[in-house]
Amino acid sequence: MITLYGTAQSRAARCAWMLEELGVAYRHVPTSFKGECRTPEFLAINPNGHIPALRDGDEIYWESLAINLYLAEKYGKPGFWPATAEARGHVYQWSFWAITEVEPLLITLLTQLVFLPEDRRDPKVAENARNKLDTPCRILEERLAKSAYLLGDAFSAADLNVASVFRLGSVIKLDLSAYPQLSRWLAECRARPSHGKLKAMP
Ligand SMILES: N[C@@H](CCC(=O)N[C@@H](CS)C(=O)NCC(=O)O)C(=O)O
């Protein structure tokens with residue numbers, strides 16, 4: 001039995017989206033990032049005190065996109081989880097890229113526009129992050145002008161992982177209208193029934 005720890009308002013939503021896409025049965029333990037992930041019981045699951053974490057049988061995993069790559073490899077159908085090492089290399093590439101090149105900029109924007117009290121916000125920090133975001137957005141725009149999805153014509157684990165990182169952008173109402181292919185692709189990823197299931201997730 002698989003158990004996912006975390007809430008929909010956290011990076012655990014990435015893993016819930018993957019589980020729903022794969023159609024794998026799982027138990028959801030809605031562990032909050034406001035304290036619950038720092039209890040001794042939870043630290044025994046993830047010593048970082050972060051959500052998400054996932055238990056599959058006797059194994060425990062943490063790091064949202066590592067969890068997703070594990071799940072996709074173990075439970076994904078060919079295509080969604082590519083059959084060749086060459087194509088899987090692209091899944092790793094896009095996943096690590098999203099978490100290193102995109103996520104920190106979105107977290108900076110989220111912190112500056114939502115989390116910090118107004119008197120501690122610095123508009124220059126937010127503007128700088130927004131400007132820097134142009135580079136990864138242009139990279140996606142150019143890639144997605146060549147095919148419907150990141151690896152070609154089919155939705156794959158690469159799309160789910162990158163789109164799941166961009167979910168942070170909807171919290172801050174990130175304007176992506178300058179990138180029509182990226183916007184089209186994000187809308188298609190988010191229109192999947194598996195993504196719709198996240199609405200009901202606590
Ligand atoms: N790189 C980790 C980051 C995990 C993380 O920072 N999660 C946040 C919630 S989205 C958290 O648990 N924060 C609570 C805390 O740090 O106390 C991942 O992608 O899983």
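Our subject is the structure that appears above.
Predicted model, so just to flag it, every value in this text is computed and none were measured.

(A) Looking closely at helix H4 (residues 85-115). Remark: the principal bend of H4, roughly 40°, maps to Glu 103, with a proline, Pro 104, within the next four residues. When H4 is considered as a whole, its buried residues turn out to be Val 91, Trp 94, Ser 95, Trp 97, Ala 98, Val 102, Glu 103, Leu 105, Leu 106, Leu 109, Leu 110 and Gln 112. On its buried side, H4 packs onto helix H1 (12-22), helix H3 (64-75), helix H5 (123-132), helix H6 (134-144) and helix H7 (157-171).

(B) Examining the nonpolar core more closely. Grouped together as the largest cluster of nonpolar side chains are 56 residues, with contacts concentrated most on Leu 71, Leu 140, Val 162 and Trp 185. Those elements that provide at least two residues to this core are strand S1 (2-5), H1, H3, H4, H5, H6, H7 and helix H8 (180-190). Residue contributions to this core peak at nine residues, all from H4. Taken domain by domain, the makeup of this core includes at least three residues from each of domain 1 (2-78) and domain 2 (85-196). Leaving out residues up to four positions away in the same chain, Leu 140 has contacts with Trp 94, Trp 97, Leu 150, Val 162, Phe 166 and Leu 182. Judged by nonpolar contacts, the second largest core, of six residues, contains Tyr 5, Cys 37, Phe 42 and Ile 45.

(C) Summary view of the environment of Arg 167. When you line up the elements, Arg 167 lands in helix H7. Note on Arg 167: relative accessible area 24%, which makes it partly exposed. In sequence terms Arg 167 and Pro 202 are 35 residues apart; their C-alpha atoms lie 16 Å from each other. In contact with Arg 167, not counting residues within four places along its chain, are Ala 8, Ala 13, Trp 17, Arg 190, His 195 and Leu 198.

(D) How the structure looks around the site of the ligand. If you check the shell around the ligand, you find Ser 10, Arg 11, Arg 14, Phe 33, Cys 37, Arg 38, Gly 49, His 50, Ile 51, Pro 52, Glu 63 and Ser 64 and nothing else. Between Arg 11 and the ligand, the recorded distance is 3.2 Å, taken from a side-chain N or O atom to an oxygen atom. With respect to the ligand, the side chain of Ser 64 contributes an N or O atom lying 2.7 Å from an oxygen atom. Here the ligand, which alone exposes 510 Å², has 78% of that area covered by the protein. Along the lines of polarity and charge, the residues of the shell around the ligand split into four nonpolar, four polar and four charged.

(E) Focus on the pairing of strand S2 (residues 26-29). The sheet contact formed by S1 and S2 spans four bridges and is parallel. Across the sheet, Leu 4 pairs through a bridge with His 28, a residue of S2. A crossover connection joins S1 to the parallel S2 through H1; in handedness this β-α-β unit is right-handed.

(F) Region of interest: H8. Among the residues of H8, Leu 182, Trp 185, Leu 186 and Cys 189 are the ones counted as buried. Buried residues in H8, looked at end-on, bunch into an arc of 100°, giving them a common side. Residues of H8 that are buried sit in contact with H1, H6, H7 and helix H9 (193-196).

Rules behind the numbers
- Residues numbered from 1 in each chain as written.
- Predicted model: local features only at pLDDT ≥ 70, side-chain atom pairs only at ≥ 80, totals over all residues.
- Heavy atoms only, no water.
- Bend = angle between axes of the 7 residues up to and from the residue.
- Helix = DSSP H or I, 4+ residues; strand = E, 2+ residues; numbered from the N terminus.
- Buried < 20%, exposed > 50% of the residue type's maximum accessible area, 1.4 Å probe, protein only.
- Contact = heavy atoms within 4.5 Å.
- Core = buried A, V, L, I, M, F, W, Y, C linked by side-chain atoms within 4.5 Å.
- Domains from an automatic or database assignment.
- Near = heavy atom within 4 Å.
- Polar contact = N/O pair within 3.5 Å; in protein donor to acceptor, adjacent residues only side chain to side chain.
- Areas by Shrake-Rupley, 256 points an atom, 1.4 Å probe, with all protein chains shown as cover.
- Nonpolar A, V, L, I, M, F, W, Y, C, P; charged D, E, K, R; others polar.
- Pairing = 2+ DSSP bridges.
- Right-handed = clockwise from strand over helix to strand, strands pointing away.
- Arc of directions from axis to C-beta.

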